[in-house]
Amino acid sequence: MTNLLRLQQLAKLLDITRLNDTETQSSFTDWLNNIPSMPAAAYCVYPQYLPVLQAWPERPAKAALATVVNFPSGDLPADLVCEQIQQAIVAGATEIDCVLPYKALLRGEHGLVKSFLYDIRQASAGCCLKIIIESGELVTAQQVAKATELAIECGADFVKTSTGKVPVGVTHEAARIMLTVIAAADRDIGFKASGGIRTVAQALDLLQLYEDISGKIATSSGMRIGASALVSELAAQLGTAD
């Protein structure tokens, strides 16, 4: 595959993300007005900015509207997170990125985690549900694998690495473990790499890892890459690739 085709493939996997804690309506609008044009899979923003994104005339027709819930701490009770989901759907969300209660997982409270995830799946029926396991906060490979297994068991459409709000985001090792568990599942599950993906080279490495382990060509139905800083570099390389 030529470099240009690979870059074009990558662009279609992006969840273009804007989750700035100091955001204002003005800064969000400025961001929208300066995003490079790209055939992204989705745009992921805080719930309060979904109506602005939905009304944005430049949004690619096929790009989904994604938002985050139970974010970033993963500590909220399930009933409150279900309310967040319902409000997000009313505001236009078609994809939900929800943080798994990873601190409960670290305490070995797998039943609590499962109950939470089942409730979230029910509340988000009709939406693409991505469960964020916060892999950088999980201590062992076994915990990364267990979190992935629980997300799959409870009906997630995608399992996602990180919120991007903790010191360690996606790592090659965590991605490998998650992809191996996903590949062994009895249904199709997507993988989303996020948290600290700052270069095209890093994104392409994750894309290759996905294809090596899954045995599939990466498309937006099976792989996503959370991108904020990455977008400008990819747009520049697409403009100069041959």
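Criteria and thresholds
- Residues numbered from 1 in each chain as written.
- Predicted model: local features only at pLDDT ≥ 70, side-chain atom pairs only at ≥ 80, totals over all residues.
- Heavy atoms only, no water.
- Salt bridge = Lys/Arg side-chain N within 4 Å of Asp/Glu carboxyl O.
- Helix = DSSP H or I, 4+ residues; strand = E, 2+ residues; numbered from the N terminus.
- Buried < 20%, exposed > 50% of the residue type's maximum accessible area, 1.4 Å probe, protein only.
- Pairing = 2+ DSSP bridges.
- Axes fitted to C-alpha atoms, helices over the stretch in contact; angles between N-to-C directions.
- Contact = heavy atoms within 4.5 Å.
- Parallel < 35°, antiparallel > 145°, perpendicular 65-115°, else oblique.
- Left-handed = near helix turned anticlockwise from the far one by under 90°.
- Core = buried A, V, L, I, M, F, W, Y, C linked by side-chain atoms within 4.5 Å.

J.: Any chance you could break down the pattern of salt bridges for me, citing the residues and the numbers?
T.: On inspection of all chains with the given rule, the structure shows 17 salt bridges. Here Asp15 ties to Arg224 by a salt bridge, and the two come within 2.9 Å at their closest N and O atoms. Of this pair, Asp15 sits in strand β1 (residues 14–18) while Arg224 sits in strand β8 (residues 223–227), and the two are 209 residues apart along the sequence. In terms of burial, Asp15 and Arg224 fall into one category: buried. In this structure, the salt-bridge partner of Lys165 is Asp21, at a minimum N-O distance of 3.5 Å. Pair noted here: Lys165 is in the loop between β6 (158–160) and α8 (172–183) and Asp21 is in the loop between β1 and α2 (25–34), with a separation of 144 residues, a long-range link. Given a relative accessible area of 60%, Asp21 falls into the exposed group. Connected through salt bridges with shared partners, the residues Asp15, Glu95, Asp97, Lys130, Lys160, Lys192 and Arg224 form a single ionic network.

J.: How would you sum up unusual backbone geometry? Please name residues and give values.
T.: Residues apart from glycine generally show negative phi values, whereas peptide bonds are mostly found in trans. Phe71 connects to Pro72 through a cis peptide bond whose omega is -5 degrees. Here Pro72 lies in the loop between β3 (64–69) and α4 (78–90). Within the chain, Asn70 stands out as a residue other than glycine whose phi angle is a positive 50 degrees. Residue placement: Asn70 occurs in the loop between β3 and α4. Judged by its relative accessible area of 1%, Asn70 falls in the buried class. A positive phi angle is found at Glu134, which is not glycine, with a value near 55 degrees.

J.: Residue-level account of the sheet that holds strand β7 (residues 190–193), with values.
T.: As summarised here, the arrangement of the eight strands in space is β1-β2-β3-β4-β5-β6-β7-β8, forming a closed barrel in which the pairing is parallel. Ignoring which end each strand starts from, the neighbouring axes of this sheet average 25 degrees apart. In terms of strand pairing, β3 meets strand β4 (residues 95–99) through four bridges, oriented parallel. Bridge pairing in β4 places Val69 opposite Cys98. Its contacts with the sheet put helix α10 (residues 230–240) on β1 and β8, and the angle it makes with β1 is roughly 135 degrees.

J.: With reference to specific residues and values, describe the packing of helix α7 (residues 141–153) against α8.
T.: Viewed as axis vectors pointing N to C, α7 and α8 meet at an angle of 40 degrees, and their least axial separation amounts to 9 Å. One way to sum up the angle between α7 and α8 is to call them oblique. The handedness of the crossing between α7 and α8 is right-handed. Counted together, Ala141, Val144, Ala145, Thr148, Glu149 and Ile152 of α7 and Ala174, Ile177, Met178, Val181 and Ile182 of α8 form the full contact between these two elements.

J.: I'd love a proper account of the nonpolar core, names of residues and values included.
T.: Counting residues in each nonpolar core, the largest one holds 89 residues, and the members touching the most others are Leu10, Leu14, Tyr43, Ile96, Cys98, Leu100 and Phe191. No other element matches the seven residues that helix α9 (residues 200–214) contributes to this core. If sequence neighbours within four positions are ignored, Cys98 has contacts with Val69, Asn70, Val81, Phe116, Ile120, Leu129, Lys130, Ile131 and Ile132.

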